[in-house]
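Chain by chain, the residues:
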Amino acid sequence: MTKIFFCDKPEDKINKASTMKPEILITGQGRKIAYHQTKGKGAGIVFLGGFSSDMEGSKAIYLENWAKENGRPFIRFDYSGHGQSSEKFIDGSIGDWAEDAFEIISHLTSEPQILVGSSMGGWIAFLMAKRIPNHILGIIGIAAAPDFTEDIIWNKMDDMMRATLTRSKVVYIQNDYGEPYPITKKLIDDGRNNLVMRDLLEIPFPVRLFHGSADQDVKINVSLDLIDHINGSDVELTVVKNADHRFSSEKCLELICNSISSIISQKI
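Every value quoted in this text rests on a predicted model; they were computed, and no experiment measured them. (Residues numbered from 1 in each chain as written. Predicted model: local features only at pLDDT ≥ 70, side-chain atom pairs only at ≥ 80, totals over all residues. Heavy atoms only, no water.)

**A word on the sheet that holds strand β12 (residues 235–240)**
- The strand order β1-β2-β4-β3-β5-β6-β10-β12 describes an open sheet built from eight strands, whose pairing is mixed. In this open sheet, the two strands that pair with only one neighbour each are β1 (23–26) and β12. Neighbour to neighbour, the strand axes of the sheet diverge by 20° on average, direction disregarded.
- Sheet contacts for helix α1 (residues 58–69): β2 (32–38), β3 (44–48), β4 (74–77), β5 (113–118) and β6 (136–142); angle to β4, the most-contacted strand, approximately 160°.
- With respect to the sheet, helix α3 (residues 120–131) is in contact with β3, β5, β6 and β10 (207–212), its orientation differing from that of β5 by roughly 145°. (Pairing = 2+ DSSP bridges. Helix = DSSP H or I, 4+ residues; strand = E, 2+ residues; numbered from the N terminus. Axes fitted to C-alpha atoms, helices over the stretch in contact; angles between N-to-C directions. Contact = heavy atoms within 4.5 Å.)

Now the structure itself:
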């Protein structure tokens, strides 16, 4: 079996996660999206998780605690088929998860938000930038993986896997941290309808990209290519030596929060 080394590694859980049951937003498609919302004043932050990740990971909880300490609104949520939300993961697609993010942002926030997108969440953030740019104050991409269904998964499949996918509508790829990932024909086809790296991305607000030099899942050239595709006047990439795909060390988390503060200060 061909091995495709892509995954969003499960993040370490930290003890400061809320013990309260999540609230539920029912989308226009009838999906039940679980979320936690922290109240605050001024510009808010929305965390967009990665492929097969949930809202209980260390980055989401760390940012939530930072937001509480600084009196900032914050939202973390599970896409449909993830975590505590409804639906099955195998039935989902990029378009579905982008729609979940859109509904969370449009229904639960009023002022422009800073979107913090981890891995696949970076792709979702840039889809939001195209759809609702006036609702975004800035984007922070953590090992952002735009177009990964095409450029990381499909491009690394051999002919046999592609034929199996066409015939059976699903193949399973290696996951070193649990059960193999189901990759469906729907995921690949829908991904092609949501690509953001084929044309310039017009971004009128700050973009801060972070990438670890030791990231073996989303190579650093993805962030370098992303910079080339962003047409904006305030775009920065920070590379952290020896950081991996999780990007969850204390130093990395502090860098993310500092970038949030920097974007907020530009608004004031």
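**Details of unusual backbone geometry**
- Of note, A143 is a non-glycine position whose phi angle comes to about 50°, a positive value.
- Within the element layout of this structure, A143 appears in the loop between β6 and α4 (148–153).
- On the accessibility criterion, A143 (1% relative accessible area) is buried.
- Positive phi values are uncommon outside glycine, yet D147 reaches one of about 65°.
- As for its position among the elements, D147 is in the loop between β6 and α4. (Buried < 20%, exposed > 50% of the residue type's maximum accessible area, 1.4 Å probe, protein only.)

**Describing the packing of α1 against helix α8 (residues 250–267)**
- Following both chains from N to C, one finds α1 and α8 inclined at 50°, their axes separated by 11 Å at the closest point. Comparing the axis directions of α1 and α8 gives the class oblique. Judged by the sense of rotation from one axis to the other, the crossing of α1 with α8 is right-handed. Touching K59, Y62, L63 and W66 of α1 are E250, L253, E254, I256, C257, I260 and S261, all from α8.
- Split into classes, the residues belonging to the contact of α1 with α8 amount to seven nonpolar, one polar and three charged. (Parallel < 35°, antiparallel > 145°, perpendicular 65-115°, else oblique. Left-handed = near helix turned anticlockwise from the far one by under 90°. Nonpolar A, V, L, I, M, F, W, Y, C, P; charged D, E, K, R; others polar.)

**With respect to the state of the cysteines**
- With the rule as written, the count across this model stands at zero disulfides.
- Between C252, a free cysteine, and C257, which holds the nearest cysteine sulfur, the sulfur-to-sulfur gap is 11 Å.
- You can call C257 buried: its relative accessible area is 4%. (Disulfide = S-S within 2.5 Å.)

**Focus: the nonpolar core**
- Formed by 56 residues in total, the largest nonpolar core has its most connected members in F126, M128 and I183.
- Grouped together as the second largest cluster of nonpolar side chains are 24 residues, I45, V116, F247 and I260 included. (Core = buried A, V, L, I, M, F, W, Y, C linked by side-chain atoms within 4.5 Å.)

**A few points about the packing of helix α2 (residues 94–108) against helix α6 (residues 185–192)**
- Between α2 and α6, whose axes approach to 8 Å, the crossing angle comes to 65°. In terms of orientation, α2 and α6 fall into the roughly perpendicular class. Facing I94, G95, D96 and W97 of α2, the residues of α6 in contact are K186, L187, D190 and G191.
- Looking at the contact of α2 with α6 residue by residue, the class counts come to three nonpolar, two polar and three charged.

**So, the environment of L63**
- Within the secondary structure, L63 is located in helix α1.
- Sequence separation between L63 and Y35 is 28 residues; the distance between their C-alpha atoms is 14 Å.
- Excluding anything up to four places from it in sequence, L63 contacts F47, F74, V116, I256, C257 and I260.

**Notes on helix α5 (residues 159–168)**
- In this structure D158 caps α5, since a side-chain oxygen of it lies 3.2 Å from the backbone nitrogen of M160.
- Positive phi appears at K169, one or two residues downstream of α5, with a value of about 75°. (Polar contact = N/O pair within 3.5 Å; in protein donor to acceptor, adjacent residues only side chain to side chain.)

**Looking at the pairing of β4**
- Residues F74 and R76 line one face of β4 and the alternating positions I75 and F77 line the opposite face, and both faces are buried.
- Alignment of β2 against β4, held across four bridges, turns out to be antiparallel. Residue pairing in the sheet places Y35 in a bridge with F77 of β4.
- Relative to β4, β3 runs parallel, the two being bridged by three bridges. In the strand pairing of β4, I45 is matched with F74.
- Regarding topology, α1 serves as the crossover connection from β3 to the parallel β4, and that connection is right-handed. (Right-handed = clockwise from strand over helix to strand, strands pointing away.)

**Here we look at the confidence of the model for the chain**
- Across the chain, the average pLDDT comes to 92, with 92% of residues at 70 or higher.
- Note that residues 1–7 has pLDDT below 50 and, in this model, 31 contacts with residues that lie over four places away or in other chains. (pLDDT = per-residue confidence, 0-100.)

**Quick word on the pattern of salt bridges**
- Counted according to the given criterion, the structure contains 15 salt bridges.
- For R31, the salt bridge is made with D100, and the minimal N-O distance between the two is 2.9 Å. Taken together, the residues R31 in the loop between β1 and β2 and D100 in helix α2 connect sequence positions 69 residues apart.
- With a shortest N-O distance of 3.0 Å, R208 and D234 are connected by a salt bridge. On the criterion of sequence distance, the pair formed by R208 in strand β10 and D234 in the loop between β11 (230–231) and β12 is long-range, its members being 26 residues apart.
- When salt bridges that share partners are traced, they join R31, D96, D100 and K186 into one network. (Salt bridge = Lys/Arg side-chain N within 4 Å of Asp/Glu carboxyl O.)

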